[in-house]
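An overview of the molecular structure
These are the residues of each chain, in order.
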Amino acid sequence: MGFKSRAKKLKHAADAARPAKEDSGDDNKGVTPCDVKGCKNWADKSMGGRRLAFDRAADVWGEDGLASDGRRLSVCKPCYREWKKAKKDDPDEWS
Ligand SMILES: [Zn+2]
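The present account deals with the structure reproduced in this document.

Calculation criteria
- Residues numbered from 1 in each chain as written.
- Predicted model: local features only at pLDDT ≥ 70, side-chain atom pairs only at ≥ 80, totals over all residues.
- Helix = DSSP H or I, 4+ residues; strand = E, 2+ residues; numbered from the N terminus.
- Buried ≥ 20, exposed ≤ 12 C-beta atoms within 10 Å, placed from the backbone.
- Contact = placed C-beta atoms within 7 Å.
- Core = buried A, V, L, I, M, F, W, Y, C linked by C-beta atoms within 7 Å.
- Arc of directions from axis to C-beta.

**Some remarks on the overall build of the chain**
- A count of helices and strands for the chain gives three helices and two strands.
- Each helix and strand of the chain, placed in order from N terminus to C terminus, yields the pattern α-β-α-β-α.
- Looking at the chain as a whole, 17% of its 95 residues qualify as buried.
- Across the chain, every contact between residues at least 6 apart in sequence was considered, and the portion connecting residues at least 24 apart equals 52%.

Written as structure tokens, this is what we have:
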């Protein structure tokens, strides 16, 4: 009898010890970080982030200014605007 009730208690304790699911309700957290070095923004599509080919991004930030060397980079909205602005003087991008 003692054993059974003890087992029940243990199971209950295990349930209680389970880490609480993070539920902070923080909507500002994305999953895709911006690939521009030093930038702490999120580059999720839902947050206005964009994908850029590495070469095109390197034209603006330089290879050293990028945190990733993948073929395609994710950039946040502000970085994309910066990139667009920098590219304005380059007619090749606006054909
Ligand atoms: Zn950025």
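**Regarding the environment of A58**
- Among the secondary structure elements, A58 is positioned in helix 2 (residues 54–61).
- Under the C-beta neighbour-count criterion, A58 is labelled partly exposed, with 16 such atoms within 10 Å.
- In sequence terms A58 and D69 are 11 residues apart; their C-alpha atoms lie 9.8 Å from each other.

**Notes on the nonpolar core**
- C34, V36, A57, V75, C76, C79 and W83 are the most contacted members of the largest nonpolar core, which has 13 residues in total.
- Of all the secondary structure elements, the ones that give two or more residues to this core are helix 2, strand 2 (72–75) and helix 3 (77–87).
- In terms of residue count, the dominant contributor to this core is helix 3 (three residues).
- Residues within four places of C79 in sequence aside, it is in contact with C34, V36 and C39.

**Quick look at the environment of W42**
- Residue placement: W42 occurs in the loop between helix 1 (2–17) and strand 1 (50–53).
- In this view, W42 contacts G30, T32, P33, C34, M47, G49 and C76; residues no more than four positions away in its chain are not counted.

**Section: the environment of A86**
- Inspection of the secondary structure assignment puts A86 in helix 3.
- By the C-beta count within 10 Å, which is 13 here, A86 ends up partly exposed.
- Distance in space between the C-alpha atoms of A86 and W61 is 9.6 Å, their sequence separation being 25 residues.

**Focus on helix 3**
- Those residues of helix 3 that fall on the buried side of the exposure criterion are C79, Y80 and W83. One face of helix 3 carries all of its buried residues, which in axial projection span an arc of 100°. For helix 3, the exposed residues set more than 90 degrees away from the buried face come down to K84 and K85.
- Elements in contact with the buried residues of helix 3: strand 1, helix 2 and strand 2.

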